[in-house]
Amino acid sequence: MSRSAAVAAARLALLAGAVLALELLCRAGVIQPLTLIPPSAMAAALAGLLWSGELNADLIHTGGAVAASLALAVGLGLPLGVAVHGLPRLRRALDPLLAAYYAVPTFVFYPLLVAILGLNQAPLIVLGTAFGLPAMMMATLNGLDRVPPVLLRTARVHRLGRLDTLASIVLPSAAPFLFTGCKLALAYAVIGIIAGEFILADAGLGHAISFAYDGFENRTMYAVMLLVLGLATGLNLLLHLWETRLMRRRARA
Amino acid sequence: MRPEARPRVGPGTREAPGPRGTAGARDAPGPRESHAVLSAVTRVYPGARPVAALGPVDLDLRAGEFFAVVGPSGCGKSTLLDLLAGLSRPTAGTILFEGRPVDGAVPEGLGIVFQEDASFPWLTVRDNIAFGLRRAGTDPAETARRVDYALGFMGLADFAAAYPAQLSGGMRQRVCIARTLVTRPRLILLDEPFGALDQQTRLLMGDELLRLWRETGATVLLITHALDEAAMLSDRVGVMSSRPGRFIDLVETGWPRERDSRLVAEAGFGTVTARLWARLRDESLKAIGGPGATA
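Residues numbered from 1 in each chain as written. Chains lettered and ligands numbered in written order. Predicted model: local features only at pLDDT ≥ 70, side-chain atom pairs only at ≥ 80, totals over all residues.

Trainee: Explanation requested: the environment of Val84(A) in the structure shown.
Mentor: All names here are of chain A. Counting through the fold element by element, Val 84 comes out in helix 3 (residues 56-85). Measuring from C-alpha to C-alpha, the distance between Val 84 and Ala 57 comes to 39 Å, with 27 residues separating the pair along the chain. Excluding anything up to four places from it in sequence, Val 84 contacts Leu 90, Arg 91, Leu 94, Met 137 and Leu 141. (Helix = DSSP H or I, 4+ residues; strand = E, 2+ residues; numbered from the N terminus. Contact = placed C-beta atoms within 7 Å.)

Trainee: What is the right way to look at the domain arrangement of chain B in this model?
Mentor: Residues and elements named next belong to chain B. For chain B, the assigned domains are domain 1 (29-109 + 186-289) and domain 2 (119-184). A C-alpha centroid distance of 25 Å is found between domain 1 and domain 2. The partner domain 2 presents seven residues to the eight residues of domain 1 that form the contact. Examining the composition of the side of domain 1 that touches domain 2, we find that three residues originate from one element, helix 5 (residues 199-216), more than from any other. For the side of domain 1 that touches domain 2, the residue count by class is seven nonpolar, one polar and no charged. (Domains from an automatic or database assignment. Nonpolar A, V, L, I, M, F, W, Y, C, P; charged D, E, K, R; others polar.)

Trainee: What exactly am I supposed to notice about the packing of helix 9 (residues 175-199) of chain A against helix 10 (residues 205-214) of chain A here?
Mentor: For any two helices packed against each other, the geometry comes down to the angle between their axes and how far apart the axes lie. Residues and elements named next belong to chain A. Packing of helix 9 against helix 10 brings their axes to within 7 Å, and their N-to-C directions diverge by 40°. Considered as vectors, helix 9 and helix 10 are oriented oblique to each other. Of the two possible hands of crossing, helix 9 and helix 10 adopt the one that is right-handed. Residues Ile 193, Ile 194, Ala 195, Gly 196, Glu 197 and Phe 198 of helix 9 pack against Leu 205, Gly 206, His 207, Ile 209 and Ser 210 of helix 10. Across the contact of helix 9 with helix 10, the residue classes tally to six nonpolar, four polar and one charged. (Axes fitted to C-alpha atoms, helices over the stretch in contact; angles between N-to-C directions. Parallel < 35°, antiparallel > 145°, perpendicular 65-115°, else oblique. Left-handed = near helix turned anticlockwise from the far one by under 90°.)

Laid out in structure tokens, this is it:
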């Protein structure tokens, strides 16, 4: 077994051990059912909810908002990062603001967004975008900072224009950082959307968790929480595998 | 001094590029004609305390010759290359390539190999080599033909599908040379291309470089800090002073066109390197502020 496979197996064993311990503690009554239900019961409840189609509308609601937020965060963050990178004075002015961005509790603006945009998906998408966009911008700036100057000189030798240089040299060279930006934007979009749905929305997985919590429906609440965790972890794992595959080409032998 | 004023020694004649040659016949000057000319070129880096990096420099590169530039660290060798390539503008003076002024843009017909690894890590060796041709809109069949030839010529045929990360430093440098070669430059500028390689690999890469120089008929300007490399590879070696760099000597090696690294064993080789070092020693001491430096 290779070293990386051994590490992955150990990680999986640790996770399985934690789940098993939780299962045993719940079944033994050490943890009260009103506090936490056994993981197997969560899984069973989730299977039931999915099978019944009860969560379909919420899944579509949250999934659509996350997808839109991710697309906007990446679609705006990337060109904004490129533009700011090309304007050093603006960059100097923005750098401290970007660095301190995540110290601002963005959620406090959610009621304001609802007041402006209405109680629909728009405020959620804006919130998710506002969460992910700076991460994408910072990743883009980091990536562009690290493009080896010799590659830019090579672009000049080949007499490439600015856009051609950007498309053929700069962005491919910065791809690992851009990929990290996309991963962060996805994570932040999920956090922003679910949290936003939790507070004020009338649909979505966050709302489903909140609704179940208010009604003491522990089975439903934990089932949806498990679903959110599973989706977030699964998406991240997929991106990680894709990234690993791409980066393997660049790793020095 | 103006290096071009000195008579050539050695064979001097240059063959026209063969069918596989990379020098384009349309714009290429004939043998012994001026290919690139620098006249009273200076470069001063502006700032609170402006730095005079180069010059004034006069240089006449003859078509098809292999010219090396040696000089102490920081004397402006790479600045000279940047100016000639159009990667930066001179503060004063004029630069002509094939009779046309070079004014801050890389002219057509010119190729550069840098000291640093300039291979694109996201592209395979084949795609790296084809890069310039594809950007220039070369016919795909012609691109494939040239790339296949370059892969074979540079000993990279077995690695066409590999990524640069899977290659050694010397092989990656060969990829960069091949990428330059396939665009058929008439003037090839080499900025210490073997600087990161060990001595044995440098000698072997030098042999390959001489082979491609003969094959292509291109004019080559090599910037190097290695005197033996300059002496082995070149028809003429320009010796630069410490900063601001000026040419203080021009050494004609007199080697035959058909040559390789076995030259280092010949008696005349030591004579050439000794002359280079004799001119360079004081300048190098000046550059590092050594006690033996003469004014």
